[in-house]
Amino acid sequence: MAKATRWRRFTRSEAFSGYALVSPTALYALLMLAAPLATIVAFSFFKDGYLTVIREFTLQNYVDTWADPVFRAILLRSLFVSGMVTLTTVLIAFPIAYYISFNVSREMKSRWLFLITIPFWTSYLIRVFLWKVILGYNGVINSGLDILGLIDQPLNMLNNVQAIVVTLAHAYAPFAILPIFVALEKIDRSLLEAGQDLGESRLMTFWRVTLPLAMPGVVAAVLIVFIPTIGDYVTPQLIGGGKVPMVANLIQARMLDLDNKPMGSAIAVSAMAIVTLVSLAFLLVNRRFLGVQK
Amino acid sequence: MKFPALRTYAYIYLLFLYAPIILLPIFAFNDGTIIAFPLKGFTIEWFRQMADNSTLRKAVQNSLIIALSASIFATTLGVFAARAATRFSFPGKGGIIGLIMLPLVLPEIIVAVSLLVVLLGIGVKLSVFTVILGHVLICTPYAIAILNTAFNALDRSLEEAAYDLGETKLSTFRLITLPLVMPGIISSLLMSFTISLDEFIIAFFLAGAEPTLPTYIFSQLRFPKQIPMIMALGTCLVAASIILLTIAEYFRRRGIAKTGGTDTGGFL
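Conventions and cut-offs
- Residues numbered from 1 in each chain as written.
- Chains lettered and ligands numbered in written order.
- Predicted model: local features only at pLDDT ≥ 70, side-chain atom pairs only at ≥ 80, totals over all residues.
- Heavy atoms only, no water.
- Helix = DSSP H or I, 4+ residues; strand = E, 2+ residues; numbered from the N terminus.
- Buried < 20%, exposed > 50% of the residue type's maximum accessible area, 1.4 Å probe, protein only.
- Contact = heavy atoms within 4.5 Å.
- Areas by Shrake-Rupley, 256 points an atom, 1.4 Å probe, with all protein chains shown as cover.
- Lys, Arg positive; Asp, Glu negative; His and termini not counted.
- Charge placed at Lys NZ, Arg CZ, Asp CG, Glu CD.
- Phe/Tyr/Trp six-rings, centres within 6.5 Å; stacked < 30°, edge-to-face > 60°.
- Lys NZ or Arg CZ within 6 Å of the ring centre and 35° of its normal.
- Buried area = accessible area lost by both parts, 1.4 Å probe.
- Salt bridge = Lys/Arg side-chain N within 4 Å of Asp/Glu carboxyl O.
- Polar contact = N/O pair within 3.5 Å; in protein donor to acceptor, adjacent residues only side chain to side chain.
- Axes fitted to C-alpha atoms, helices over the stretch in contact; angles between N-to-C directions.
- Parallel < 35°, antiparallel > 145°, perpendicular 65-115°, else oblique.
- Left-handed = near helix turned anticlockwise from the far one by under 90°.
- Nonpolar A, V, L, I, M, F, W, Y, C, P; charged D, E, K, R; others polar.
- Domains from an automatic or database assignment.

## Concerning the overall build of chain B
Piece 1. Of regular secondary structure, chain B possesses eleven helices and zero strands.
Piece 2. Traced from its N-terminal end to its C-terminal end, chain B shows the element sequence α-α-α-α-α-α-α-α-α-α-α.
Piece 3. Burial statistics for chain B: of 268 residues in total, 53% are counted as buried.
Piece 4. In chain B, the share of contacts with a sequence separation of at least 24, taken over all contacts with a separation of at least 6, comes to 69%.
Piece 5. Carbon and sulfur atoms provide 69% of the accessible area of chain B, an area that totals close to 12,000 Å².
Piece 6. When the 19 basic and 14 acidic side-chain charges of chain B are each reduced to a single mean position, those positions are 2 Å apart.

## Overview of the packing of aromatic side chains
Piece 1. Here the structure, examined in full by the defined rule, presents 24 aromatic pairs over all chains.
Piece 2. Relative to F175(A), the ring of Y172(A) lies with its centre 5.4 Å away and its plane at 35°, an arrangement referred to as tilted.
Piece 3. Under the relative-accessibility criterion, F175(A) is labelled buried at 15%.
Piece 4. A centroid spacing of 4.6 Å and a plane angle of 45° characterise the contact between F200(B) and F218(B), whose relative ring orientation is tilted. Placement of F200(B) in the loop between α8 (169-198) and α9 (201-206) and of F218(B) in helix α10 (residues 213-220) is noted, with a sequence separation of 18 residues between them. Across this residue pair, the class does not change: F200(B) and F218(B) are buried.
Piece 5. Connected via pairs of aromatic rings, a cluster forms that spans Y233(A), F200(B), F204(B), F205(B) and F218(B).
Piece 6. Here the basic side chain of R189(A) rests over the ring of F102(A), its NZ or CZ set 4.2 Å away from the ring centre.
Piece 7. The residue whose ring lies beneath R87(B) is F88(B), and the NZ or CZ to ring-centre distance is 5.3 Å.

## Quick word on the interface of chain A and chain B
Piece 1. Each partner contributes to the interface: chain A provides 82 residues, whereas chain B provides 91 residues.
Piece 2. Taken together, the two surfaces of chain A and chain B that pack against each other cover about 8,000 Å², and 80% of this comes from carbon and sulfur.
Piece 3. Linking chain A with chain B are zero salt bridges.
Piece 4. Scanning the region where chain A abuts chain B turns up nine residue pairs in polar contact (both at pLDDT 80 or more).

## A short note on the packing of helix α5 (residues 108-121) of chain B against helix α6 (residues 128-152) of chain B
If you want to describe how two helices pack, look at the angle between their axes and the distance between the axes.
Residues and elements named next belong to chain B.
Piece 1. Axis separation between α5 and α6 bottoms out at 11 Å; the angle between their running directions is 140°. Judged on the interaxial angle alone, α6 and α5 are oblique. Our pair here, α5 against α6, has a crossing hand that is right-handed. Contacts between α5 and α6 involve E108, V111, L115 and L119 from the first element and T130, L133, G134, L137 and I138 from the second.
Piece 2. Residue composition of the contact of α5 with α6, grouped by class: six nonpolar, two polar and one charged.

## Examining the side chain of S101(A)
Residues and elements named next belong to chain A.
Piece 1. Assignment of secondary structure puts S101 in helix α4 (residues 69-103).
Piece 2. Separated by 2.8 Å, the side chains of S101 and E185 make a polar contact.
Piece 3. Those residues in contact with S101 that lie beyond four places of it in its chain are K109, F181, L184, E185 and R189.

## Comments concerning the side chain of S171(B)
Piece 1. Here S171(B) lies in helix α8.
Piece 2. Looking at S171(B), its side chain comes within polar contact range of the side chain of E167(B), at 2.7 Å.

## Focus: the pattern of salt bridges
Note that side chains of opposite charge can pair when their charged atoms are close.
Residues and elements named next belong to chain A.
Piece 1. Counting across every chain of the model gives seven salt bridges over all chains.
Piece 2. The shortest N-O distance in the salt bridge between E185 and K109 comes to 3.0 Å. Of the two residues, E185 sits in helix α9 (residues 173-186) while K109 sits in helix α5 (residues 106-117), which places them 76 residues apart along the sequence.
Piece 3. Across the salt bridge formed by R189 and E185, the nearest N and O atoms sit 3.7 Å from each other.
Piece 4. The network of salt bridges with shared partners includes K109, E185 and R189.

## Let's talk about the environment of F27(B)
Piece 1. Mapped onto the elements, F27(B) comes out in helix α1 (residues 5-28).
Piece 2. The spatial distance from the C-alpha of F27(B) to the C-alpha of F42(B) is 9.5 Å, given a sequence separation of 15 residues.

## A look at the domain arrangement of chain A
Residues and elements named next belong to chain A.
Piece 1. Each assigned domain of chain A is listed with its residue range as follows: domain 1 (1-43) and domain 2 (62-289).
Piece 2. Measuring from the centre of the C-alpha atoms in domain 1 to the corresponding centre in domain 2 gives 36 Å.
Piece 3. Each side of the interface is counted separately: domain 1 has four residues, and domain 2 has six residues.
Piece 4. Both sides of the domain 1 and domain 2 interface together cover about 420 Å² of buried area, and 78% of this is carbon and sulfur.
Piece 5. Three residues stand out in domain 1 for area buried against domain 2, namely I40, V41 and F43, and they jointly supply 91% of the buried area on that side.
Piece 6. Linking domain 1 with domain 2 are zero salt bridges.
Piece 7. Counting across the interface, domain 1 meets domain 2 through zero residue pairs in polar contact (both at pLDDT 80 or more).
Piece 8. Residue classes in the side of domain 1 that touches domain 2 are distributed as four nonpolar, no polar and no charged.

Here is the structure:
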């Protein structure tokens, strides 16, 4: 009896309505995301039989993965490339976000944001491929320089880390611009006036007021660019010509080409763990900037 | 505080952003099989080749089925979650919403690999359907982000007024809430559609032998002979996504105007 009334009270509560509403979506995420993620974590501790997976606990996959110099080299390269991409993207995106937030009139802001997001929504593959056209042996830059008579031999700009960095920095530009823009928009403009009234120069006001207040946006931008780029498959394949593989290419090769699922899982889990660690470390370093504007 | 030099920088930056897209139509209409300057002359041969290609037609058909289904499912799931997140508070809300939004910060390859392992493990045959499952997962967070804004802008007193006037919860939702968030729903549908149409990695892993538009493009990029046709295809895709986005933006702005808010930003 008491149980029944308590149940009835619960079904009428706000929490129950919340759970009931969120449950279809939550269930989907549980089945299609949480369960599969748990499965690859489990697989990474299983043995690989030819074409099957032997359900026996082992740490061998991790031992093999981390002892493999190829894996270590590829992981280091992925971290380096993602780091460079993140640095480049955020550095060139900040002035744009600043320009839109501070220099553009109110009505024009959403037009500028629209303009910046359009390239992002066009075919990713074709955008990446076009960088190959731009940077290629007889590509746009080389033929342009040739017509101008600046070079005798075409420059070799493809199949290296720099080309991957340029392509990814282009692909992830809006991801960096939008969070920084949002943070800049939140800044109380009177703080800047106060800074100048108190005798700071424009640059010093920027350095001591604007930048620290924009940091939450910068931190978000760094994470939003860093995490997906480390798992990028297409760009190393097309722009790197398969010569500079990154983690995603390695996972794909182990999983599909070699059909070694436990090994592929161990690499995927290791990569995820590293990405999480790096991201947490970055958050920790920048924690004093977060929560400033509450 | 203004820094005048920024204007020049902004225009250079836009050029950098648009450089690949400007090149696309140039090479799509260029009468040469090699993608390089100097240009050879005008042709529509590549568009003709594109129209005659039967594998491409199959890929387009598959992609449209996937994008349409994924956008409808993702938006429906998004409405549930966004409504729950904006209207109710319940224990564990942060964790639940966090899990749902996780694909936003998870490398797509991880989503693809883990789904592949599970689906093969329980013996599901890879097809268009399995791609839809994956795409719903990655489109839902974007749908929620858009719908959250729409539901947040909603004035709760309008709903309360409807209750007071004797409407039930369901009829209030249909008569008051839904029309007010409709612009958000439409822009979420369009956004999910665009994301799904362009998604490569999950389709690459989960489509089996079925071609989708991005996996077809990827397979053709290896053959230099096919590149001009891909340029023509790319031109059509860019045109299509600009049209879709303009419609999405129109509805987003109308939604803001309808609920009486001020326009503060773009997508995402």
